[in-house]
Amino acid sequence: MFNSLGQFFEGGSVLDLYAGTGALGIEALSRGSERAVFVERDRGARAAISENLRRTGFAQRAEVLGGEVESVLGRLLGRRERFDLIFADPPYRIAAEVGGILHRLHSLLSPGGRLVIESGEASMEGAGGKKGVTRRYGGTFVTILGRSELTMIVAVCPGSFDPVTTGHLDVIRRASKIFDHVVVAVGSNRRKEARLPAVERARLLEKVTADMDTVSVEVMEGLLVDFARERGAQAIVKGLRAVSDFESEFEQAQLNRTMFPELETVFIMASAEHSFLSSSAVREIASLGGDVSGLVPEGVLETVRQIYSGRDGKIQGS
Ligand code: PNS
């Protein structure tokens, strides 16, 4: 396997995920890689990697990171790191974390880079059904994927979702048909105070998107462009209703583009029946005891009714 990857070592950088003893990354360093980053959750294993690096004399060219792989990858993306080779463990692990991982790996690969997935079994099913070449080395199957074979177009769908409406859900569902993965980012709009904490708004969204395999929900703190970068996203997707939405959306899109030019903002036109539906209308109707069925997804109707029926529901903004 190392022989067939020869050219990638020269001067390149390597990311060794679920590193264990660090054997793969250390082998890459010994074959000419300039730098290696090891990611391992287990503290004892991390100590072993550091010791192995010290013994082999590669400690200066290596970094050992702890924590959950998903968030470490986010950190590396935030640092704008790129790797020529990424080693990853058996597909079942990748499959289990597919939503959080593959799109980040895609963004972490340098343009001509390769993702190497090692496994005791040949099946790549569940690993995003990606192409690539699988070869057998003794009892181990190794799949090598180029960046283009790992194409995951990820979009972030941001909003306050205070509360989520059937219009939001429609946009999320339609976005999930276009993009490989959609991360719904529950943020806070500084221009309006939310009625519910972000974690609770996210919980409602999780409930109504539970049937969508390629949609995940996260709370967003800080700038949208940073959130998107850390998730390896290529697009921001937003719903656009009547003309009145346009000015503020256009402004946000331009500002985000200034900060992160490669990140495209894509608008999905609201369906006619949702053109005049907004979270603020739902809050107002609910707070005055009106019926919001049809305006919010069925699965959270009762919760929204209860939470938003207090008369202090804010009624400005969307
Ligand atoms: O549903 P909303 O209220 O229109 O959502 C607004 C939100 C949360 C998407 C927007 O305020 C946002 O992106 N906040 C994150 C902070 C940020 O990046 N601000 C600069 C955007 S120009």
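Residues numbered from 1 in each chain as written. Predicted model: local features only at pLDDT ≥ 70, side-chain atom pairs only at ≥ 80, totals over all residues. Heavy atoms only, no water.

1. Considering the layout of surface pockets
Next, step 1: Put simply, the largest pocket is a space of about 1300 Å³.
Next, step 2: In terms of lining, the largest pocket is formed by 46 residues, of which the most central are Gly159, Ser160, Asn189, Lys238 and Gln252.
Next, step 3: At the level of secondary structure, the elements contributing two or more residues to the lining of the largest pocket comprise strand E8 (154–159), helix H7 (166–178), strand E11 (235–240) and helix H10 (243–259).
Next, step 4: When residues of the lining of the largest pocket are assigned to their parent elements, the largest contribution, nine residues, is made by H10.
Next, step 5: Classifying every residue of the lining of the largest pocket by side-chain character gives 15 nonpolar, 21 polar and ten charged.
Next, step 6: Considering only enclosed or pocket space, the second largest pocket measures out at about 270 Å³ in volume.
Next, step 7: As for the second largest pocket, its lining consists of 13 residues, of which Arg82, Ser107, Ala233, Phe260 and Glu262 are closest to the centre.
Next, step 8: When the residues that make up the lining of the second largest pocket are grouped by side-chain class, the tally is four nonpolar, four polar and five charged. (1 Å grid on protein atoms, 1.4 Å probe; cavity = no way out; pocket = protein on both sides within 12 Å on 5 of 7 lines; lining within 4 Å. Points joined across faces, edges and corners; volume = space filled by probe spheres on them. Helix = DSSP H or I, 4+ residues; strand = E, 2+ residues; numbered from the N terminus. Nonpolar A, V, L, I, M, F, W, Y, C, P; charged D, E, K, R; others polar.)

2. Some details on the site of the ligand
Next, step 1: Neighbouring the ligand are 13 residues; Ser160, Asn189, Lys192, Leu223 and Leu224 lie closest to it.
Next, step 2: Within the side chain of Asn189, a nitrogen or oxygen atom sits 3.0 Å from an oxygen atom of the ligand.
Next, step 3: Within the side chain of Lys192, a nitrogen or oxygen atom sits 3.0 Å from an oxygen atom of the ligand.
Next, step 4: Expressed as a share of its isolated accessible area of 550 Å², the protein-covered part of the ligand is 83%.
Next, step 5: Counting atoms within 2 Å of the grid points, the majority share of the ligand lands in the largest pocket.
Next, step 6: Elements supplying a minimum of two residues to the shell around the ligand: E8 and H10.
Next, step 7: With three residues, the single largest contributor to the shell around the ligand is H10.
Next, step 8: When its residues are assigned to classes, the shell around the ligand shows five nonpolar, six polar and two charged. (Near = heavy atom within 4 Å. Polar contact = N/O pair within 3.5 Å; in protein donor to acceptor, adjacent residues only side chain to side chain. Areas by Shrake-Rupley, 256 points an atom, 1.4 Å probe, with all protein chains shown as cover. Sits in = over half its atoms within 2 Å of the grid points.)

3. Regarding the pattern of salt bridges
Next, step 1: Within the structure shown, the criterion is met by 20 salt bridges.
Next, step 2: Residue Glu51 is joined to Arg55 by a salt bridge in which the shortest nitrogen-to-oxygen separation is 3.1 Å. Here the residue Glu51 and the residue Arg55 both occupy positions in helix H3 (residues 43–56), the gap between them amounting to four residues, near one helical turn.
Next, step 3: Glu51 sits in the partly exposed class, given a relative accessible area of 26%.
Next, step 4: Between Asp245 and Arg241 there is a salt bridge, with its nearest N and O atoms 2.9 Å apart.
Next, step 5: Its relative accessible area of 12% is what places Asp245 among the buried residues.
Next, step 6: Through salt bridges with shared partners, a single network forms among Arg35, Glu63, Arg79 and Glu81. (Salt bridge = Lys/Arg side-chain N within 4 Å of Asp/Glu carboxyl O. Buried < 20%, exposed > 50% of the residue type's maximum accessible area, 1.4 Å probe, protein only.)

4. Quick notes on the sheet that holds strand E5 (residues 109–119)
Next, step 1: One open sheet accounts for seven strands, arranged E3-E2-E1-E4-E5-E7-E6; its pairing is mixed. Each of the sheet's edge strands pairs with one partner strand only, and the pair in question is strand E3 (62–65) and strand E6 (133–137). For this sheet, the mean inter-axis angle between neighbouring strands, taken without regard to orientation, is 15°.
Next, step 2: Examined bridge by bridge, strand E1 (residues 13–16) and strand E4 (residues 83–88) share three bridges and lie parallel to one another. Note on E4: the bridge partner recorded for Val14 is Leu85.
Next, step 3: Sitting on the sheet, helix H2 (residues 23–30) is in contact with E1, strand E2 (35–39), E3, E4 and E5, with an inclination near 180° to E2. (Pairing = 2+ DSSP bridges. Axes fitted to C-alpha atoms, helices over the stretch in contact; angles between N-to-C directions. Contact = heavy atoms within 4.5 Å.)

5. Points about the environment of Val156
Next, step 1: Looking at the element boundaries, Val156 is found in strand E8.
Next, step 2: We classify Val156 as buried; its relative accessible area is 0%.
Next, step 3: Spatially, the C-alpha atom of Val156 lies 8.5 Å from that of Arg231, the residues being 75 residues apart in sequence.
Next, step 4: Aside from chain neighbours lying at most four places away, what touches Val156 is Val183, Ala185, Leu224, Phe227, Ala228, Ala233, Ala235, Ile236 and Val237.

6. Let's talk about the side chain of Ser110
Next, step 1: Of note, Ser110 is situated in strand E5.
Next, step 2: In contact with Ser110, not counting residues within four places along its chain, are Arg82, Phe83, Asp84 and Arg147.

7. Digging into the side chain of Thr165
Next, step 1: Within the secondary structure, Thr165 sits in the loop between E8 and H7.
Next, step 2: Take Thr165: its relative accessible area is 2%, and that puts it in the buried class.
Next, step 3: One polar contact links the side chain of Thr165 to the main-chain amide nitrogen of Gly167, over a distance of 3.2 Å.
Next, step 4: Sequence-distant contacts of Thr165, that is, excluding residues within four places in its chain, are made with Leu277, Ser278, Ser279, Val282, Leu295, Val296 and Pro297.

8. Some thoughts on the environment of Ile101
Next, step 1: Counting through the fold element by element, Ile101 comes out in helix H6 (residues 98–108).
Next, step 2: Given the relative accessible area of 0%, Ile101 is considered buried.
Next, step 3: Spatially, the C-alpha atom of Ile101 lies 6.0 Å from that of Glu70, the residues being 31 residues apart in sequence.
Next, step 4: Those residues in contact with Ile101 that sit more than four places away from it in its chain are Tyr18, Val69 and Leu73.

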